[in-house]
Amino acid sequence: MPIIASNFKTNHTRASTKEYLEKVNNYLKTSQNSNSVFVFPTSTSIDNFSLEKNLEIGIQNAYFTNNGSFTGEIGLEQLEEFNIKTILIGHSERRHILGETGEEIAKKFEFYKNLGFTIIYCIGEPLEVKEAGLDKTLEYIFEQFIGIDTNYEKLILAYEPVWAIGTGKTATNSDIENIHKAIKEKIQKPLLYGGSVKVENVKDICKIANVDGALIGTASWKAEDFIKILENTKDLK
Ligand SMILES: O=C[C@H](O)COP(=O)(O)O
């Protein structure tokens, strides 16, 4: 069964998150959909939601600390209050817009790994690297694993080409196939694709060899669309 994740990024309020989760949860309750579903709301919308077993809330980001003086950040203490056990690490928006370095990402990974969190670890190349060819792209991607324990049992990977994120430009099926194959040859972990996945293409993308699911931004922000995405992928192995 595929792993389908929605990343809200900086969208939705507490009220609309609650409404969204109620809709998705009701769908899962009645649909016999056994996909493994994750939703990553904004930190301010996290709460103690009562959800179906296959729907889990994760955090988009947290600092590698229990608590302390890190203005603007949250740490383990704030996550524990809501029983959060899943985190996204290495998202390209944190790497490229917010300037998170490989070293900080590795520290964050180690900290949350040692706490037994499920980690969705994102990798992916910017356009200029893609244009330099497959070898350069793979070289760039594998550098993003420096300092990361790729044997960690609760690790899920997400390949997200930076140029495909939020742009409407999905990678071609053969690009996805080639890159997923190369990653899987080295790291045998569930591997999601992300980057302009939509209601219409999610099924075909999830059917590509070595694609174990999708990490979706824009197309998942309306509960009705996310439910369609879950419905379109529910019969896949
Ligand atoms: O985390 C999700 C990805 O960045 C994909 O975003 P997108 O579906 O809006 O392209």
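Residues numbered from 1 in each chain as written. Predicted model: local features only at pLDDT ≥ 70, side-chain atom pairs only at ≥ 80, totals over all residues. Heavy atoms only, no water.

Novice: Describe in detail the packing of aromatic side chains, supporting the description with residues and values.
Specialist: Under the definition given, this model contains twelve aromatic pairs. Considering the side-chain rings of Phe 8 and Tyr 20, the 4.7 Å spacing of their centres and the 80 degrees angle between planes classify their relative orientation as edge-to-face. Taken together, the residues span a long stretch of sequence, with Phe 8 in the loop between strand 1 (3-7) and helix 1 (14-31) and Tyr 20 in helix 1 at a distance of twelve residues. Like Phe 8, the residue Tyr 20 is buried in the burial classification. Taken together, a centroid distance of 6.1 Å and an interplanar angle of 25 degrees make the contact between Tyr 20 and Phe 226 stacked. Placement of Tyr 20 in helix 1 and of Phe 226 in helix 9 (residues 223-233) is noted, with a sequence separation of 206 residues between them. Residue Tyr 20 is classed as buried on the basis of its relative accessible area, which comes to 2%. The class of Phe 226 is buried, set by a relative accessible area of 0%. (Phe/Tyr/Trp six-rings, centres within 6.5 Å; stacked < 30°, edge-to-face > 60°. Helix = DSSP H or I, 4+ residues; strand = E, 2+ residues; numbered from the N terminus. Buried < 20%, exposed > 50% of the residue type's maximum accessible area, 1.4 Å probe, protein only.)

Novice: Tell me about the UniProt feature "binding site: substrate" (unreviewed entry) in the protein, residues and numbers included.
Specialist: As recorded in UniProt, the feature "binding site: substrate" (unreviewed entry) lies at Asn 7, Phe 8, Lys 9, Gly 166 and Ser 196. A compact arrangement is adopted by the annotated residues: their sequence extent is 190 residues, whereas the largest C-alpha distance between any two is 13.9 Å. Looking only at the residues we just named, the largest pocket is lined by Asn 7 and Lys 9. Not counting chain neighbours up to four residues away, the residues in contact with Phe 8 comprise Thr 17, Tyr 20, Val 39, Phe 40, Pro 41, Thr 42, Gln 60 and Trp 221. Here Ser 196 is to be found in the loop between strand 7 (191-194) and helix 8 (202-207). Under the relative-accessibility criterion, Ser 196 is labelled buried at 14%. (UniProt positions renumbered as here; feature names shortened; annotations may be inferred. 1 Å grid on protein atoms, 1.4 Å probe; cavity = no way out; pocket = protein on both sides within 12 Å on 5 of 7 lines; lining within 4 Å. Contact = heavy atoms within 4.5 Å.)

Novice: For the site of the ligand, give the residues involved together with the corresponding values.
Specialist: Around the ligand sit 13 residues, and of these Lys 9, His 91, Gly 166, Ser 196 and Thr 218 come closest. In the environment of the ligand, an oxygen atom lies 3.0 Å from a nitrogen or oxygen atom belonging to the side chain of Asn 7. Ser 196 places a main-chain nitrogen or oxygen 2.8 Å from an oxygen atom of the ligand. Out of a free accessible area of 300 Å², the ligand has 99% covered by protein chains. For the shell around the ligand, the per-class residue count stands at four nonpolar, seven polar and two charged. (Near = heavy atom within 4 Å. Polar contact = N/O pair within 3.5 Å; in protein donor to acceptor, adjacent residues only side chain to side chain. Areas by Shrake-Rupley, 256 points an atom, 1.4 Å probe, with all protein chains shown as cover. Nonpolar A, V, L, I, M, F, W, Y, C, P; charged D, E, K, R; others polar.)

Novice: Could you give me a rundown of the pattern of salt bridges, with the residues and numbers involved?
Specialist: Taken as a whole and judged by the stated rule, the model has 14 salt bridges. A salt bridge links Glu 224 to Lys 23; the shortest N-O distance between them is 3.0 Å. With a gap of 201 residues between them, Glu 224 in helix 9 and Lys 23 in helix 1 connect regions that are remote in the sequence. Given the relative accessible area of 42%, Glu 224 is considered partly exposed. Overall, Lys 23 belongs to the partly exposed group, its relative accessible area being 35%. Ionic pairing is found between Asp 225 and Lys 228, a salt bridge with its closest N-O pair at 4.0 Å. (Salt bridge = Lys/Arg side-chain N within 4 Å of Asp/Glu carboxyl O.)

Novice: Could you give an account of the UniProt feature "active site" (unreviewed entry) in the protein, naming the residues involved and the relevant values?
Specialist: When the UniProt feature table is mapped onto this chain, "active site" (unreviewed entry) is found at His 91 and Glu 160. On the basis of their most widely separated C-alpha atoms, the annotated residues across 70 residues gather in one place, lying no more than 8.4 Å apart. Lining residues of the largest cavity drawn from the annotated list: His 91 and Glu 160. Mapped onto the elements, His 91 comes out in the loop between strand 4 (86-89) and helix 3 (92-97). Ignoring anything within four residues of it in the chain, the contact list for His 91 reads Asn 7, Lys 9, Cys 122, Glu 160 and Ile 165. The residue Glu 160 is located in the loop between strand 6 (155-159) and helix 7 (173-186) in this model. The class for Glu 160 is buried, based on a relative accessible area of 5%.

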